[in-house]
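# Observations on the three-dimensional arrangement
Residues per chain, in single letters:
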Amino acid sequence: MENVDQPTGDPSPSGALLVIGMGSLGDRDSSPYRETLLAGMARRYPLWLIDTEEPTWQLPYAMGSTLLTGRGTEHMHRAVREATAQCNVIGAFCPDEGLLLPAAIAIEAMGLPGAGGEAVAACRDKKLSRERLTAAGLPQPRHSTASSAEELAEVAADLGYPVVLKPRALGGSAGVIKVSKPDEVANAYAVATAASYPGIEHSANIVVEQYLDGPEISIDGSVFEGNYQAYTIAHKELGEPPYFVETGHVVTGDDPLLEDPELHNILERAHKALGFDHGLTHSEVRFTRIGPVVIEINGRPGGDNIPRLALLSTGTDLGWIAAGMAAGLAPETPVRRPGTVGLRFLRPERDSRLVEFPVPDPADHPGLVEAKVVVKPGDSLRTPPAQYTARYGFLIAEAADPKSCRALLDRLEAEVADTIQSEPLS
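Residues numbered from 1 in each chain as written. Predicted model: local features only at pLDDT ≥ 70, side-chain atom pairs only at ≥ 80, totals over all residues. Heavy atoms only, no water.

## Details of helix α4 (residues 117-124)
Counting buried residues along α4, 6 of its 8 residues qualify, which places the element largely inside the surrounding structure. Among all positions in α4, only Gly117, Ala119, Val120, Ala122, Cys123 and Arg124 are buried. Against α3 (100-109), α5 (126-135), α8 (261-274) and β13 (291-298) lie the buried residues of α4. (Buried < 20%, exposed > 50% of the residue type's maximum accessible area, 1.4 Å probe, protein only. Helix = DSSP H or I, 4+ residues; strand = E, 2+ residues; numbered from the N terminus. Contact = heavy atoms within 4.5 Å.)

## Some points on the layout of surface pockets
In this structure, the largest pocket encloses a volume near 580 Å³. Lining the largest pocket are 23 residues; nearest its centre among them are Arg347, Pro348, Glu349, Arg350 and Tyr392. Listing elements by their share of the lining of the largest pocket, those giving two or more residues are β14 (340-346) and α11 (402-417). Tallying contributions element by element places α11 first for the lining of the largest pocket, with 3 residues. Among the residues making up the lining of the largest pocket, the classes are represented as 12 nonpolar, 5 polar and 6 charged. (1 Å grid on protein atoms, 1.4 Å probe; cavity = no way out; pocket = protein on both sides within 12 Å on 5 of 7 lines; lining within 4 Å. Points joined across faces, edges and corners; volume = space filled by probe spheres on them. Nonpolar A, V, L, I, M, F, W, Y, C, P; charged D, E, K, R; others polar.)

## Things to note about empty space enclosed by the protein
All told, the structure shown has 5 cavities of 30 Å³ or more when counted by the stated rule. The volume enclosed by the largest cavity comes to roughly 840 Å³. What lines the largest cavity is a set of 50 residues, among which Gly172, Ser173, Glu246, Glu284 and Glu296 lie closest to the centre. The volume enclosed by the second largest cavity comes to roughly 270 Å³. Surrounding the second largest cavity, 22 residues form its lining, Ala92, Phe93, Gly114, Ala115 and His278 being those nearest its centre. For the lining of the second largest cavity, the secondary-structure elements that each account for two or more residues are β4 (89-93), α3, β12 (278-288) and α10 (318-326). Top contributing element to the lining of the second largest cavity by residue count: α3, with 5 residues. A per-class count over the lining of the second largest cavity returns 15 nonpolar, 5 polar and 2 charged.

## Considerations on the pattern of salt bridges
In the structure shown here, the tally under the stated rule is 29 salt bridges. As a salt-bridge pair, lysine 236 and glutamate 284 come within 3.0 Å of each other at their nearest N and O atoms. Of the two residues, lysine 236 sits in strand β10 (residues 227-238) while glutamate 284 sits in strand β12, which places them 48 residues apart along the sequence. We classify lysine 236 as buried; its relative accessible area is 13%. (Salt bridge = Lys/Arg side-chain N within 4 Å of Asp/Glu carboxyl O.)

## Details of the sheet that holds strand β11 (residues 246-252)
Neighbouring strands of a sheet are bound in pairs by backbone hydrogen bonds; such pairs are parallel or else antiparallel. Pairing is antiparallel in the open sheet, where 8 strands are placed in the order β13-β12-β9-β10-β11-β14-β18-β16. The open sheet has two edge strands, β13 and β16 (368-373), and neither has a second partner. Going from strand to strand, the sheet's axes swing by 25° on average, the running direction of each strand aside. The pairing of strand β9 (residues 216-224) with β12 spans 9 bridges and is antiparallel. (Pairing = 2+ DSSP bridges. Axes fitted to C-alpha atoms, helices over the stretch in contact; angles between N-to-C directions.)

## Quick word on helix α6 (residues 149-159)
For α6, every residue scored as buried is listed here: Ala149, Leu152, Val155, Ala156 and Leu159. Angularly, the buried residues of α6 cover 115° about the axis, an arc narrow enough to put them on a single face. Exposed and facing more than 90 degrees away from the buried side of α6 are Glu150, Glu154, Ala157 and Asp158. In this structure, the buried residues of α6 make contact with β5 (143-146), β6 (163-167), α7 (185-194) and β8 (206-210). A positive backbone phi angle near 95° is found at glycine 160, which sits one or two residues after α6. (Arc of directions from axis to C-beta.)

## Here's the deal with the packing of α5 against α8
Close contact between α5 and α8 brings their axes to 9 Å; oriented N to C, the two are set at 120°. Looking at the two axes, α5 sits oblique to α8. For the pair α5 and α8, the sense of crossing is right-handed. Residues Ser129, Arg132 and Leu133 of α5 lie in contact with α8, whose contacting residues are Ala270, Ala273 and Leu274. Taken together, the residues of the contact of α5 with α8 break down into 4 nonpolar, 1 polar and 1 charged. (Parallel < 35°, antiparallel > 145°, perpendicular 65-115°, else oblique. Left-handed = near helix turned anticlockwise from the far one by under 90°.)

## Observations regarding the side chain of glutamine 140
Mapped onto the elements of the fold, glutamine 140 is located in the loop between α5 and β5. On the basis of relative accessibility, which here comes to 13%, the residue glutamine 140 falls in the buried class. Polar side-chain contacts of glutamine 140 include one of 2.6 Å to the side chain of arginine 130. A polar atom in the side chain of glutamine 140 sits 3.1 Å from the backbone oxygen of valine 294. (Polar contact = N/O pair within 3.5 Å; in protein donor to acceptor, adjacent residues only side chain to side chain.)

## Observations concerning the environment of histidine 271
By the element assignment, histidine 271 lies in helix α8. In this structure histidine 271 comes out as buried when scored by relative accessible area, which is 2%. In sequence terms histidine 271 and serine 283 are 12 residues apart; their C-alpha atoms lie 9.5 Å from each other. Residues within four places of histidine 271 in sequence aside, it is in contact with Val223, Tyr228, Phe276, Thr281, Ser283 and Ile297. Within the structure, the side chain of histidine 271 is placed 2.7 Å from the backbone oxygen of leucine 267, a separation counted as a polar contact. Among the polar contacts listed, one links the side chain of histidine 271 to the side chain of threonine 281, at a separation of 2.8 Å.

## Observations regarding the nonpolar core
Ranked by size, the top nonpolar core spans 46 residues in total, and within it Leu18, Ile50, Met76 and Ile219 carry the most contacts. Ranked by residues supplied to this core, first place goes to α8 with 6 residues. If we ignore the near neighbours within four places in the chain, the residues touching isoleucine 50 are Leu18, Val19, Ile20, Gly21, Thr66, Leu68, Ala79, Val80 and Ala83. Grouped together as the second largest cluster of nonpolar side chains are 30 residues, Val251, Leu381, Ala397 and Ile420 included. (Core = buried A, V, L, I, M, F, W, Y, C linked by side-chain atoms within 4.5 Å.)

## Side note on the packing of helix α2 (residues 73-84) against α3
Viewed as axis vectors pointing N to C, α2 and α3 meet at an angle of 50°, and their least axial separation amounts to 9 Å. Taken as axis vectors, α2 and α3 run oblique relative to one another. As α2 packs across α3, the resulting crossing turns out to be right-handed. Contact residues: Thr73, Met76, His77 and Val80 in α2; Pro102, Ala103, Ile105, Ala106 and Ala109 in α3. Taken together, the residues that form the contact of α2 with α3 break down as 7 nonpolar, 2 polar and no charged.

Read these as geometric descriptors, not functional statements.
This is the structure:
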């Protein structure tokens, strides 16, 4: 199914792109999740990397790199100045949640194309996002904030149980927890405030929202000159409550929702409300009893291998598109074609230490397109709330339709799980 429809070069403009934070995923190896994105960008322009660690797997895709000595705005400005002294910079792009805001501020200061620091801050701050989306008249849950367990109990009683707690500035579902009754408040508040995400500090002031039930999707799309267009829709699979850990995604290349006028209108209005007018975004929408509700908009492409699923399902290269938009070019027209791919994360059921996990061979598993092991023997994996992205690896499978794809992933997951050897952590 994979087929890259974009050409292999861009005649203009001439120069290099800064790519900021392509390797920063804390203690996780970023290559299985970000290589598709970086490879697509490198097909279009020469790349200069800026990151908190020296590049490793990224080296074949880059002409050079600059080490970022800290995650603050001043460190970012310094690294960008050093990089611009080495190459003719025509644009800059950051896919990393922990570096997104300082990168946006630096990109704006350089006068390069981008959404700007204010828009990215509005995306990153969940309280500010809710306020702006509500003010724009978009359907939103009732919400408030709390800075103590006692205040949370009062807010939850006013909103009505169940509620969802969200750290205002974190990503990757870290610290997001459902609270169904009063006796869960103290523990849930402790979980939300103790959560962390690489490179991001957050306060004890957390967002509290009415819980909205219903299926959830994520949409990767672009905004250019105020016009929004969707490229790929991933139907989410979530783990066991009370947490909201993503366990997989299913993507169909010609998903009818890609052409749904109501969904398009909501997403375009939401981006305008947040002031996001240039670049790729990853939006999350839940279908509820009051209709589609924007959960959040992230000022970057989706993580968790969404770019890989987009490439496999439609041939849409989000890295290619991101590179062009970073240089100020209009994005390509979305590709639509039938076919479904799905991804399933292989997660521990208990706190475990990996002993052995042989890489599954697609030749031995009909329907399996790709399998990756993302940990090493001896690595420890913990279940939430100790760790929100604990994974042995992932599987990508292809089928004729979403129902068949989910059934195939269920079967493959069961087959592969039997090969994983682990021991419980004491």
